[in-house]
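Notes for the structure review
The residues making up each chain are set out below.
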2 protein chains.
Amino acid sequence: MFGFSLKPRKPNAAQTAKDRLQILLAHERSGASPDCLPELQRDILEAIRKHMKIDRDAIDIKMERGEGLSSLEINIEFPADQRKA
Amino acid sequence: MFGFSLKPRKPNAAQTAKDRLQILLAHERSGASPDCLPELQRDILEAIRKHMKIDRDAIDIKMERGEGLSSLEINIEFPADQRKA
């Protein structure tokens, strides 16, 4: 399915400890079915915000749309202590 | 970041046209921060159900938990006409 290539970070004592969340969505469509990723993107970010406090500028989104396959990559970096209770 | 390896399906005229949705989440944790993926899994599936009708048995979930990295792979197959209005 998906191949992983999340690169490990180099430790940097001067920075605040940060967590990273990466989300990759792929929608493979058959025939003329419409692409559902743009709608899902908003709701998935909302689901994540239920659990952690995330700045809008800490979110990096890349979308690719092809004829039969659309993909969406969401990268979020957040301080390790920003989880909601 | 993530490498793609979604394999194309072979066309099969006898089958109902199906769409596939794949979701990969990776949470890279720094220090002792807790893993957030199990909670996110439920809410992301809920977000998807807002947009399409999905049978529980059409969902395949794989989770891997390592010391600093947890990953979650969700594969969903659904008939191409099952989108909600």
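Up top you'll find the structure we're talking about.
Residues numbered from 1 in each chain as written. Chains lettered and ligands numbered in written order. Predicted model: local features only at pLDDT ≥ 70, side-chain atom pairs only at ≥ 80, totals over all residues. Heavy atoms only, no water.

Within chain A, the secondary structure is distributed over 1 helix and 3 strands. Scanning chain A from its N terminus toward the C terminus, one meets helices and strands in the order β-α-β-β. In chain A, which comprises 85 residues, the proportion classed as buried is 45%. Put simply, of all contacts in chain A between residues at least 6 apart along the chain, 62% involve residues at least 24 apart. Carbon and sulfur atoms make up 49% of the accessible area of chain A, which totals about 4,900 Å². (Helix = DSSP H or I, 4+ residues; strand = E, 2+ residues; numbered from the N terminus. Buried < 20%, exposed > 50% of the residue type's maximum accessible area, 1.4 Å probe, protein only. Contact = heavy atoms within 4.5 Å. Areas by Shrake-Rupley, 256 points an atom, 1.4 Å probe, with all protein chains shown as cover.)

Here the focus is the packing of helix α1 (residues 37-51) of chain A against helix α1 (residues 37-51) of chain B. Relative to each other, α1(A) and α1(B) sit at 150 degrees, their axes nearing to 9 Å. Considering the angle they form, α1(A) stands roughly antiparallel to α1(B). As α1(A) packs across α1(B), the resulting crossing turns out to be right-handed. Of the residues in α1(B), those in contact with A:Glu39, A:Leu40, A:Arg42, A:Asp43, A:Ile44, A:Glu46, A:Ala47, A:Ile48, A:Lys50 and A:His51 of α1(A) are B:Glu39, B:Leu40, B:Arg42, B:Asp43, B:Ile44, B:Glu46, B:Ala47, B:Ile48, B:Lys50 and B:His51. (Axes fitted to C-alpha atoms, helices over the stretch in contact; angles between N-to-C directions. Parallel < 35°, antiparallel > 145°, perpendicular 65-115°, else oblique. Left-handed = near helix turned anticlockwise from the far one by under 90°.)

So, on to α1(B). Residues spaced three or four apart along an α-helix point in a common direction, a consequence of the helix completing one turn every 3.6 residues. Helix length check: α1(B) (15 residues) gives 21 Å between terminal C-alpha atoms against 21 Å at 1.5 Å per residue, within 8%. Here the buried face of α1(B) lies against β1 (18-28) and α1 of chain A together with β1 (18-28), β2 (59-65) and β3 (69-79) of chain B. (Expected span 1.5 Å × (residues − 1).)

So, about α1(A). Buried within α1(A) we find A:Leu37, A:Leu40, A:Gln41, A:Asp43, A:Ile44, A:Leu45, A:Ala47, A:Ile48 and A:His51. Residues of α1(A) that are buried in the fold lie against β1, β2 (59-65) and β3 (69-79) of chain A together with β1 and α1 of chain B.

Moving on, we come to the nonpolar core. Membership of the largest hydrophobic core comes to 34 residues, with the highest contact counts inside it found for A:Leu21, A:Ile48, B:Leu21 and B:Ile48. Secondary-structure elements contributing two or more residues to this core are β1, α1 and β3 of chain A together with β1, α1 and β3 of chain B. Apart from the residues within four sequence positions on either side, A:Ile48 is in contact with A:Leu21, A:Ile23, A:Ile54, A:Ile76 and B:Leu40. (Core = buried A, V, L, I, M, F, W, Y, C linked by side-chain atoms within 4.5 Å.)

Strands sit in the order β2(A)-β3(A)-β1(A)-β1(B)-β3(B)-β2(B) across an open sheet of 6 strands; the sheet is antiparallel. The two strands at the open ends of the sheet, each matched to only one other strand, are β2 of chain A together with β2 of chain B. Across the sheet, the axes of successive neighbouring strands diverge by a mean angle of 10 degrees, strand direction being ignored. With 7 bridges joining them, β2(B) and β3(B) adopt antiparallel strand pairing. Bridging from a neighbouring strand, B:Lys62 pairs with B:Glu73 of β3(B). (Pairing = 2+ DSSP bridges.)

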